[in-house]
Amino acid sequence: MNYQESLSKDHPYFTKAIEPSGFSQTLQEVMTSVPNEHSSNSIEQNSELSVIRLEPVFSVLNTPDPPAPWKELVSSMKEKVLTRGKQSSSLLHFILLGLQGLFPVLTWGRNYDLKSFRSDIMAGLTLASLGIPQSIGYANLAKLEPQYGLYTNLVPPLIYAVMGSSREIAVGPVAVVSLLVSSLCQKIVDPSLDPTGYKKIVFTVTFFTGIFQASFGFLRLGFLVDFLSHAAIVGFMGGAAIVIGLQQLKGLLGLTHFTNKTDLVSVIKAVWLCLHQSWHPENFFLGCSFLIFILVTRFLGRRNLKLFWLPAIAPLLSVILSTVIVFLTRADKHGLKIIKEVKSGLNPSSVKLLQFTGPYVGESAKIGVICAVIALTEAVAVGRSFASVRGYQLDGNKEMVSMGFMNIIGSLSSCYVATGSFSRTAVNFIAGCKSPVSNIIMAITVFLTLEFLTRLLYYTPLAILSSIILAALPGLIDVREACSIWKVDKMDFLACIGAFFGVLFGSVEIGLMVALTISFARIILSSIRPRIETLGRIQGTNIFCSKSQHPVVSLEPGVLIIHIGTSFLCFMNANFTKERILSYVMEDEELQEENNEGKILYMVIDMSNLMNIDSSGIAAVEEMHNKLESFGIQMAIVNPGWQVIHKMKLARLVERIGVSWIFLSVGEAVEAWLSYKEDNNSA
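In this report, the structure presented in the accompanying data block is examined. In this convention, every chain numbers its residues from 1, walking through the sequence in written order. Where totals are concerned, whole chains, interfaces and linings use all residues; where local detail is concerned, this predicted model gives features only for residues with pLDDT of at least 70, and gives and counts side-chain atom pairs only at 80 or more. Remark: hydrogens and water are excluded; side-chain values derive from all non-hydrogen atoms of the structure.

This part covers the sheet that holds strand β12 (residues 662-663). A pair of strands is treated as paired once DSSP finds two or more bridges between them. A run of H or I in DSSP becomes a helix once it reaches four residues, and a run of E becomes a strand once it reaches two; helices and strands are each numbered from the N terminus. Strand order in this open sheet of six strands is β6-β5-β7-β9-β11-β12, and the pairing throughout is mixed. The two strands at the open ends of the sheet, each matched to only one other strand, are β6 (544-546) and β12. As paired elements, strand β5 (residues 531-537) and β6 share three bridges and run antiparallel to each other. Bridge pairing in β6 places Leu535 opposite Ser546. The sheet strands contacting helix α27 (residues 615-630) are β9 (602-606) and β11 (634-638), and the helix crosses β11 at an angle near 145 degrees. When checking whether two residues touch, look at their non-hydrogen atoms; a contact exists if any pair is within 4.5 Å. Between N-to-C directions, angles span 0 to 180 degrees; the directions come from axes that are lines fitted to C-alpha atoms, helices contributing only their stretch in contact.

What follows is the structure, given as structure tokens:
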């Protein structure tokens, strides 16, 4: 029995001539515009009225079965991997496409010209003037020797230059990831007691970070990064920035002994105890002086874009001037803390330092997952921001692969976790970079520094490194965005403030767990309690919308229209949805009084948002149908999703409800009922 025959059997009004209106009239207009060989099968007209015969193409029920999940996965993989496979079936062409996907330099490098190279040289040199002092400071934040920051600013940028898809991202160590590495790794091995063991853990964590990042990219699992919402990232970054700033008090005050804890209470307590012992105010005065200098140059650079180079070279100028001052005055002999020795030479191999056996492998892998997600979140957010300004699309999965290989190779060459830096990327963008070649120029500059200039860093004050890091922190604290989140969405703000206070008063991992918990709790709550609302008709139209949102809509006499606002009716929300819908019939007397006829005779359930359903959802729909039938109420279903109608067929629920009570639109369902009632009244 087809759809039309079912309608004719269950609804006598369909066997008679009816006036075409609403959905039927629109359908008639569409079908009459079809060529003659089709229109004769779809609409038959007499002199006065029209008999409507629905083609299977317009039926909810007469659709092909949806593909199995494994077929969809295979089809998606074929589409991504063999996008141009139809153009050429040669193995060489396939290999070339694969190499271009893995190494974007093979694509953009063909159009690279001398003009772009000149721009990239200037951008790369400007980037190096900011990146070199920052990387030394971030190494100190990660509780590593200064040269490891330079190592991380050499190898990863070279790898990213040939594998990355962003033209603007500047790669290297960043403050948040450096804090993350030190705060988590020092819980396994204390760097002050066992520096070699600590480095082994750091390099192993970097290796695992790269493995996870590359895996996310190859398996197209970029959505995992999105589990950290924008609001959670804003709060996390703000809390981390304050913690990083507090950690810099050690260098800014010239303290020898300082706590390894990162929470606000422990740091303030450590500073209070140290201030009552021996500390050297000259460190504070020197650091604050150059901090003011860096902030003033940044202010001038923002006021006049032509002076963009001034805040970029200010950290390097601070290092040079402070080093000269200390060397000439020999202030290091009067309590001023200095870097002392920085090893020269290229990155040594760290292959033998990686630990894949022993008690710390599991812990290293866990830290690697956390670092992978945080580093990717920052890098992808930075890359997409600047890509949108330049007007091109950034492939998140390619970025993950490039970041993964960058950290894998970096872990083998004495580098710790690297990612895209917002501050350096902004400088790179403003300096006029045209391609990732600016990263190569920066890496070459770092190489020259490691080979020939490390001895000049001996007298560099630690207070200057602290001031450079402190100057970079205001960009991580986005108060305006937090206020905007508060205005727009209070639950989002709860995740933001939860991450902020979790990092500030607990630890980095506690802040992340708080943010994730609040975000997942919100998802679960919205899934458990989907929005169920009644619909009414806008007078004079065939448009139905929410009565709570548009109170002016009118309810049809004896008809209750319910909209299910979830995409998946499953075990979590099926019982709530069923009880909520039945409550309109059994308990809501006020709603029944608003109907011109007190008793509800017909319930339309709009499933246009429902994309999938499980066995619990099927059972709930069947129970609703049985309960409504016992009350003498006819239930109709409107426009269920492809998977939903397929599963309802398999469960034989369609037969129990009746194929004639499943419609394409709410208007069609209401029109059918009104015509049916009119026909019964006339009979």
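Glancing now at the nonpolar core. What we call a nonpolar core is a set of buried Ala, Val, Leu, Ile, Met, Phe, Trp, Tyr and Cys residues that are connected through their side-chain atoms within 4.5 Å. Accessibility here uses a 1.4 Å probe with only protein chains present; expressed as a share of the type maximum, an area under 20% marks a residue as buried, one over 50% as exposed, and anything in between as partly exposed. Ranked by size, the top nonpolar core spans 112 residues in total, and within it Cys185, Val202 and Phe236 carry the most contacts. Of all the elements, helix α17 (residues 361-390) adds the most residues to this core, at ten residues. Leave out the neighbours within four places in its chain, and Val202 touches Leu144, Val181, Cys185 and Tyr416. By size, the runner-up hydrophobic cluster in this structure holds 46 residues, among which are Val604, Ile605, Leu653 and Ile662.

Moving on: the environment of Arg580. Its place among the elements puts Arg580 in helix α25 (residues 574-586). Taking the C-alpha atoms as reference points, Arg580 and Glu533, 47 residues apart in sequence, are found 9.5 Å from one another.

Moving on, we get to the packing of helix α15 (residues 281-303) against helix α16 (residues 309-329). For the pair α15 and α16, the least separation of the axes is 9 Å and the interaxial angle reads 155 degrees. Between α15 and α16, the angle falls in the class roughly antiparallel. Crossing handedness for the pair α15 and α16: right-handed. For the pair formed by α15 and α16, the contact residues are Leu286, Phe290, Phe293, Ile294, Thr297, Arg298, Leu300 and Gly301 on the first element and Leu310, Pro311, Ala314, Pro315, Leu317, Ser318, Leu321, Ser322, Ile325 and Val326 on the second. Classes in brief: Ala, Val, Leu, Ile, Met, Phe, Trp, Tyr, Cys and Pro nonpolar; Asp, Glu, Lys and Arg charged; the others, Gly included, polar. Considered class by class, the residues forming the contact of α15 with α16 number 13 nonpolar, four polar and one charged. For this classification, under 35 degrees means roughly parallel, over 145 means roughly antiparallel, 65 to 115 means roughly perpendicular, and everything else is oblique. Note on convention: the crossing is left-handed when the near helix lies turned anticlockwise from the far helix by less than a right angle, right-handed when the turn is clockwise.

A few words now on the packing of aromatic side chains. Only the six-membered ring of Trp is used, alongside the rings of Phe and Tyr, when aromatic pairs are assigned; centres must lie within 6.5 Å, and planes under 30 degrees apart are stacked while those over 60 apart are edge-to-face, with the rest tilted. For the coordinates displayed, the defined rule picks out 18 aromatic pairs. Between Phe207 and Phe208, the ring centres sit 6.2 Å apart and the planes meet at 75 degrees, which makes this aromatic pair edge-to-face. A relative accessible area of 14% means that Phe208 is categorised as buried. Plain terms: the ring middles of Phe208 and Phe356 are 6.1 Å apart, the flat faces sit at 85 degrees to each other, and that makes the pair edge-to-face. One end of the pair, Phe208, is in helix α11 (residues 195-218); the other, Phe356, is in the loop between α16 and α17, with 148 residues separating them in the sequence. Relative accessible area serves as the criterion here: at 44%, Phe356 is assigned to the partly exposed category. Members of the aromatic cluster, joined through ring pairs, are Tyr602, Trp661, Trp673 and Tyr676.

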